[in-house]
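# Examining the three-dimensional arrangement
Now for the letters of each chain:
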Amino acid sequence: MRFLRPRSWEQALQDRAENPGALPVAGGTDVMVEVNFDRSRPAALLDLTAVPELAEWSQSGSRSGGTLRIGAGVPYGRLVAELGDRLPGLALAARTVGSPQIRNRGTLGGNLGSASPAGDALPPLLAGGAEVELASVRGSRAVPVEQFCTGPKRTVLAPDELIAAVRVAPATGPEQFSKIGTRNAIVIAVCAFAVALRPEQRQVRTGLGAAGPTPLRAPAAEELLAAELDWDGAGPLSDGLARRFGGLVAEAANPIDDVRGTADYRRHALGVLARRTLTWVWDEHRGRRPECA
Ligand SMILES: Cc1cc2nc3c(=O)[nH]c(=O)nc-3n(C[C@H](O)[C@H](O)[C@H](O)COP(=O)(O)OP(=O)(O)OC[C@H]3O[C@@H](n4cnc5c(N)ncnc54)[C@H](O)[C@@H]3O)c2cc1C
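A brief look at the structure comes next. These numbers come from a predicted model, not from an experiment.

## Things to note about the pairing of strand β7 (residues 139-144)
Side-chain positions along a regular strand alternate between the two faces of the sheet. The pairing of strand β6 (residues 131-136) with β7 spans six bridges and is classified as antiparallel. Each bridged residue has a counterpart across the sheet, and for valine 132 the counterpart in β7 is valine 143. Between the end of β6 and the start of β7, which pair antiparallel, lie two residues.

Put into C-alpha cells, the structure is as follows:
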C-alpha cells in the first residue's frame, strides 16, 4: 500500500488530485478499523496528520458574533477544551465520543468523512447551522451540513476534494445534546438529539442522529417552538408544548431496525430526548435572564 504524507495543505490537495484512489486518513479511528478487519484495502493512504492548517481553528468578527472556522483535523479533545464555551452543543457531543484515546485522535473532519448517520458531531453541527468547507486544486466551496451527507457513508465530496474545515457561528443561546447508547461509554448512538436555542432570533434548531439514512433536522418541530415559546415573558415551558415538540421530532425521524435498536424504539426515544433537552435549554434561557435570576 502506498503511503502519502503531505506537509502542507497545498501539497495535500495536489496529492489528492494526482491520486484519486488514495484514501484520506486523519485520526484513523474509522479508517484503521476498516483496514485492520480487511473491510477496506485502499491502493494508497493519504495521511493528513502532518498538514498544520487542518489542525487550526480561528474566529472572525467578535467573540460572540462572527464565524468560527474549525480545521477538519481538530480532534474532539480540543473541541471540548478550546471551544466548549463557544460551541456548547458540539462540546457535549464530543465528550460522549468513544474514550479519551479516541477523543485525542478522532477528528471533526473524520466524523464528516465517515458520514455515519450515527456520527455524534453531526446533530450539533446541524442544530448550529454549520457549513462544510471543501477544497481541491480547482478551488473551494461551502456546503450546508444538511446537504453534505447523501446517504449512509456517502457524501458530496468529489474524488479530488478534501474537507478543509467547518464554519459555524458561536452559540447565541443555550445548546444541548443527548444520546442513547447500549452502555454509558465507548458506544455508537442508538439515537441522538441536539437542540440550539437562538433567543435573539426567536429560533430553535434541531439535529437528529441515527434517525434516518443521513442526520436530519425536524423543521415542523422547530417552527412550532418559534411560534409558541413564550419568548417575551420567558415563562415556564408547558408540558403540552414539550410533548408536541417531542411528537413532531419523532415524526421527522425515518429510522431503521438494526442490531442496536428498532425503528419504533428510536422514534419513541427521540421524542423523549427532544422533550428533555428542550426543558434543559429553556430552563437555562430563563435562568440567564436578569429578571429570572
Ligand atoms: C473505539 C471507538 C469508539 C468510537 N466511538 C464513537 C462515538 O462515540 N461517536 C462517534 O461519532 N464516532 C465514534 N467512533 C468513530 C470515529 O472515532 C469517529 O467517526 C471519528 O470522528 C473519526 O475521525 P478520524 O479523524 O479518526 O477519521 P479517519 O478514520 O481518519 O477517517 C474517517 C473518514 O473520513 C475521511 N476523512 C478524514 N479526514 C478527511 C478530510 N480532511 N477530507 C476528506 N475526507 C477525510 C477518511 O477518508 C475516512 O473515510 C469510534 C471509533 C472507535 C474505534
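Resuming the write-up.
## Some remarks on the site of the ligand
The local shell around the ligand holds 32 residues, among which Pro24, Thr29, Asp30, Tyr76 and Thr107 are the closest. With respect to the ligand, the backbone of proline 24 contributes an N or O atom lying 2.6 Å from an oxygen atom. Within the backbone of isoleucine 163, a nitrogen or oxygen atom sits 2.8 Å from a nitrogen atom of the ligand. Within the complex, the protein chains bury 87% of what would otherwise be the 980 Å² of accessible surface of the ligand.

## Some words on helix α1 (residues 9-18)
Every buried residue of α1 is accounted for by Trp9, Ala12, Leu13, Asp15 and Arg16. Down the axis, α1 shows its buried residues gathered within 160 degrees of arc, on one side only. Seen from the open side of α1, the exposed residues pointing more than 90 degrees away from its buried face are Glu10 and Glu18. If you follow the buried residues of α1, they end up packed against β1 (2-4), β2 (22-25), β3 (44-47), β6 and β10 (162-168).

## Digging into the packing of aromatic side chains
Enumeration over the complete set of coordinates arrives at two aromatic pairs. Considering the side-chain rings of tryptophan 231 and tryptophan 282, the 5.7 Å spacing of their centres and the 80 degrees angle between planes classify their relative orientation as edge-to-face. Residue tryptophan 231 is found in the loop between α9 (219-228) and α10 (239-252), and its partner tryptophan 282 is found in helix α11 (residues 263-288); the two are separated by 51 residues along the sequence. Given the relative accessible area of 0%, tryptophan 282 is considered buried.

Analysis parameters
Throughout, a residue's number is its position along its own chain's written sequence, starting from 1. With the structure being a predicted model, the display of local features is reserved for residues of pLDDT at least 70 and the display and counting of side-chain atom pairs for 80 or more, all residues being used for whole-chain, interface and lining totals. Remark: hydrogens and water are excluded; side-chain values derive from all non-hydrogen atoms of the structure. Here, a strand pair is defined by DSSP locating no fewer than two bridges between the strands. Runs of E in the DSSP output that reach at least two residues are strands. Runs of H or I that reach at least four are helices, and both are numbered from the N terminus. When we say a residue is near a molecule or strand, we mean one of its heavy atoms is within 4 Å of it. Each polar contact in these results corresponds to two N or O atoms within 3.5 Å; when the atoms are within protein, one needs to be able to donate a hydrogen and the other to accept it, and residues that are neighboring in sequence are counted only if both atoms are side-chain atoms. All accessible areas in this document rest on Shrake-Rupley with a 1.4 Å probe, and a residue is counted as covered only by the protein chains that are shown. Whether a residue is buried, partly exposed or exposed follows from its accessible area with a 1.4 Å probe, protein chains only, as a fraction of its type maximum: under 20%, in between, or over 50%, in that order. It is the directions from the helix axis to the C-beta atoms whose arc is reported. Residues count as neighbours in contact if any of their non-hydrogen atoms are within 4.5 Å of one another. Centres within 6.5 Å are what make two rings of Phe, Tyr or Trp a pair, Trp counting through its six-membered ring; a difference in plane orientation under 30 degrees is then read as stacked, over 60 as edge-to-face, and the rest as tilted.

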